[in-house]
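A closer look at the structure
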Amino acid sequence: MGIKKRGLLLVISGPSGAGKGTICKELMEVSKEHMRLSISATTRAPRDGEKEGVNYFYKSMQEFESMIKEEEFLEYAKIYDNYYGTPRKAIFDELDKGNDVILEIEMQGAMQIKKAYPEAVFIFILPPSLLELKHRIVGRGTETLEQIEKRFGSAYNEIKLIGDYDYFIFNNVVEKSVDDIKNIVGAEKNKVGRYKRQVLEMFEKEIKEC
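Residues numbered from 1 in each chain as written. Predicted model: local features only at pLDDT ≥ 70, side-chain atom pairs only at ≥ 80, totals over all residues. Heavy atoms only, no water.

1. Section: the pattern of salt bridges
Keep this limit in mind: A side-chain nitrogen of Lys or Arg and a carboxyl oxygen of Asp or Glu constitute a salt bridge if their distance falls within 4 Å. A 1.4 Å probe rolled over the protein chains alone gives each residue an accessible area, and that area as a share of the maximum for its type sets the label: buried under 20%, exposed over 50%, partly exposed in between. Helical segments are the DSSP runs of H or I of at least four residues, strand segments are the runs of E of at least two, and each set is numbered from the N terminus.
Evaluation of the coordinates by the stated rule reveals 12 salt bridges. With a closest N to O distance of 2.9 Å, glutamate 50 and arginine 44 form a salt bridge. A relative accessible area of 9% places arginine 44 in the buried class. Ionic pairing is found between arginine 197 and glutamate 201, a salt bridge with its closest N-O pair at 3.2 Å. A residue pair is termed a helical-turn pair when its members lie 3 or 4 positions apart in one helix, as arginine 197 and glutamate 201 do in helix 8 (residues 192–209) at four residues. What makes arginine 197 exposed here is its relative accessible area of 53%. Given the relative accessible area of 42%, glutamate 201 is considered partly exposed.

In structure tokens, the structure reads:
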């Protein structure tokens with residue numbers, strides 16, 4: 001006996017340099033049998049080596065704007081001259097199969113998703129300290145000093161949005177952070193509020209057959 005549990009949408013945010021991407025990559029690796037990575041849609045052209053349905057779903061401007069009108073996105077934004085968005089159907093298809101879906105996204109997009117699908121689980125990734133965050137950003141060696149200062153300067157303002165999330169994780173050791181998320185998933189899948197009706201219906205059926 002038992003009930004069929006729907007997959008969870010895990011919305012993961014945090015300041016640049018907190019280690020969100022590394023955590024998501026490791027989480028996918030250790031949970032690949034039942035975990036999927038959300039793939040965004042975009043109107044920008046594919047770059048060398050990128051593949052349709054792997055890196056992005058590539059759409060024309062007309063296709064994307066039609067999807068907006070049909071409310072096919074959980075969230076979307078226009079960045080410079082291109083749209084980026086999270087297709088609703090692709091995620092819900094996986095959730096219906098019982099698979100969990102990871103969505104790494106900035107805070108503005110996460111809040112759009114919270115309005116559209118409040119059943120999602122919102123997890124905020126924190127650095128061990130702001131000093132460590134700065135070391136990580138500098139250590140990447142991919143940004144100018146001006147960009148580094150801009151990212152570091154906005155980090156505290158982003159952290160102040162933690163109250164809009166369900167859980168937080170201090171990302172000191174990646175493996176520990178991944179275990180924390182796995183524990184969150186386990187707890188959420190046994191949350192009474194998610195499955196109270198199905199549990200009661202199951203036992204109601206059983207008592208009639210006894």
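2. So, the UniProt feature "binding site: ATP" (unreviewed entry) in the chain
Put simply, the rule reads: UniProt positions are given in the numbering used here, feature names are shortened, and annotations may be inferred rather than shown by experiment.
Under the present numbering, the feature "binding site: ATP" (unreviewed entry) in UniProt falls on Gly14, Pro15, Ser16, Gly17, Ala18, Gly19, Lys20 and Gly21. Position of glycine 17 among the secondary structure elements: in the loop between strand 1 (9–13) and helix 1 (20–30).

3. Focus on the sheet that holds strand 6 (residues 82–87)
Selection criterion: Strands are labelled as partners when DSSP assigns at least two bridges between them. Whether two residues are in contact is decided by their heavy atoms, any of which lying within 4.5 Å being enough. Axis definition: a line fitted to C-alpha atoms, over the contacting stretch in the case of helices. Angles run 0 to 180 degrees between N-to-C directions.
Taken in spatial order, the four strands make up an open sheet running 4-3-6-5, and their pairing is mixed. Of all the strands in the sheet, the pair left with one neighbour each is strand 4 (57–58) and strand 5 (73–79). With two bridges connecting them, strand 3 (residues 41–42) and strand 4 associate as parallel partners. Residue pairing in the sheet places threonine 42 in a bridge with tyrosine 58 of strand 4. Across the sheet, helix 2 (residues 61–69) touches strand 3, strand 4, strand 5 and strand 6, and the angle it forms with strand 6 is around 45 degrees.

4. Topic: the sheet that holds strand 9 (residues 167–170)
The strand order across the open sheet built from five strands is 2-7-1-8-9, with neighbouring strands paired in parallel fashion. At either margin of the open sheet sits one strand with a lone partner, and together these are strand 2 (35–37) and strand 9. Across this sheet, the average inter-strand angle for adjacent strands is 25 degrees, counted without regard to direction. One ladder, built from four bridges, connects strand 8 (residues 121–126) with strand 9; its direction is parallel. Following the sheet pairing, phenylalanine 124 is matched in strand 9 by phenylalanine 168. Here helix 3 (residues 88–96) sits on the sheet in contact with strand 1, strand 2 and strand 7 (100–104), set at roughly 145 degrees to strand 7.

5. Let's talk about helix 4 (residues 107–116)
Which entries qualify depends on this criterion: The directions from the helix axis to the C-beta atoms form the arc being described.
For helix 4, the set of buried residues is Met107, Gly109, Ala110 and Ile113. Projection of helix 4 onto a plane perpendicular to its axis shows the buried side chains occupying an angular sector of 155 degrees, all on one side. Of the residues in helix 4, the exposed ones pointing more than 90 degrees away from the buried face are Gln108 and Lys115. Elements that come into contact with the buried residues of helix 4 comprise strand 1, strand 5, strand 7, strand 8 and helix 6 (145–159).

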